[in-house]
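# Report on the structure
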Amino acid sequence: RFDFRPIPPETLVATLTKILTDEGVKFDPAALPLIVRAAEGSLRDALSLLDTVLAYGGGALEAAATAQLLGTTAPEQVRRFAAAMIAHDAAAALEAIDRAARDGEDLEALARETIELLRQVLVLKAAPTAKPPDLTPAEANERRALGEPVSLDELLYLLRAFLEADA
């Protein structure tokens, strides 16, 4: 019997980075976490997605094209939207929604990705030394920084509002 475990995200990112570097492929490092999350801990799935994204992107790996192919919003756009919500910046939040709608993105997917981001921020705010298995150390540090200016109650309120909207 073989008990397979998901490969940690940082290991998958490092492996994909080495492959892309060894092959001389131009790539945006922000695209790698998108592929790793979609692969759900499987190297075979990550390599398959990488091949697909490279074919779709004409041999280059870009975060925006990767997000579009995977049917997600670019991580930077989700972070900006969440940061605007956390900062109570209604104008920036509405602009992010408007941009997503104009670009033809799935607004339900944007809401789900925002929920996931806020969940990660909440976990790291509540347990600052936690090492979530679905985040690389750099992503965890970004999430911690995003949650610094607000309280746990504010994060929980925001997360509940998005969960109710998603339902």
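Above this text is the structure in question.
Residues numbered from 1 in each chain as written. Predicted model: local features only at pLDDT ≥ 70, side-chain atom pairs only at ≥ 80, totals over all residues. Heavy atoms only, no water.

## Details of a nonpolar patch on the surface
- A surface patch of nonpolar side chains, about 260 Å² in accessible area, is lined by Leu 94, Ile 97 and Leu 107.
- Relative to the helices and strands, Leu 107 resides in helix H7 (residues 107-126). (Patch = residues over 30% accessible without salt bridge, like charges linked within 9 Å, V, L, I, M, F, W, Y side chains within 5 Å. Areas by Shrake-Rupley, 256 points an atom, 1.4 Å probe, with all protein chains shown as cover. Salt bridge = Lys/Arg side-chain N within 4 Å of Asp/Glu carboxyl O. Helix = DSSP H or I, 4+ residues; strand = E, 2+ residues; numbered from the N terminus.)

## So, the packing of helix H2 (residues 32-39) against helix H3 (residues 43-56)
- Contact geometry for H2 and H3: axes closest at 8 Å, N-to-C directions at 130°. The orientation of H2 with respect to H3, classified from their angle, is oblique. Along this stretch, H2 crosses H3, giving a crossing that reads as right-handed. Along its contact with H2, which presents Ile 35, Ala 38 and Ala 39, the element H3 presents Asp 45, Ala 46, Leu 49 and Leu 50.
- Considering only residue class, the contact of H2 with H3 consists of six nonpolar, no polar and one charged. (Axes fitted to C-alpha atoms, helices over the stretch in contact; angles between N-to-C directions. Parallel < 35°, antiparallel > 145°, perpendicular 65-115°, else oblique. Left-handed = near helix turned anticlockwise from the far one by under 90°. Contact = heavy atoms within 4.5 Å. Nonpolar A, V, L, I, M, F, W, Y, C, P; charged D, E, K, R; others polar.)

## Some points on unusual backbone geometry
- Here the phi dihedral of Glu 40 falls at roughly 50°; this positive angle occurs in a residue that is not glycine.
- Its location among the elements puts Glu 40 in the loop between H2 and H3.
- Unusually for a residue other than glycine, His 88 sits at a positive phi of about 60°.
- Of note, His 88 is situated in the loop between helix H5 (75-86) and helix H6 (90-102).

## A short note on the pattern of salt bridges
- Following the criterion strictly, the structure yields 14 salt bridges and no others.
- Measuring nitrogen to oxygen at the nearest pair gives 3.4 Å for the salt bridge that ties Arg 80 to Glu 76. Taken together, the residues span about one helical turn, with Arg 80 and Glu 76 both in helix H5 at a distance of four residues.
- On the accessibility criterion, Arg 80 (48% relative accessible area) is partly exposed.
- Judged by relative accessible area, which is 35%, Glu 76 ranks as partly exposed.
- Arg 79 is paired through a salt bridge with Glu 142; the nearest N and O atoms lie 3.5 Å apart. Separated by 63 residues along the polypeptide, Arg 79 in helix H5 and Glu 142 in helix H8 (residues 137-147) bring together distant segments of the chain.
- Of the residues examined, Arg 79 reaches a relative accessible area of 21% and is grouped as partly exposed.
- Each of the salt bridges in this network shares a partner with another, and the network as a whole consists of Glu 76, Arg 79, Arg 80, Glu 142 and Arg 143. (Buried < 20%, exposed > 50% of the residue type's maximum accessible area, 1.4 Å probe, protein only.)

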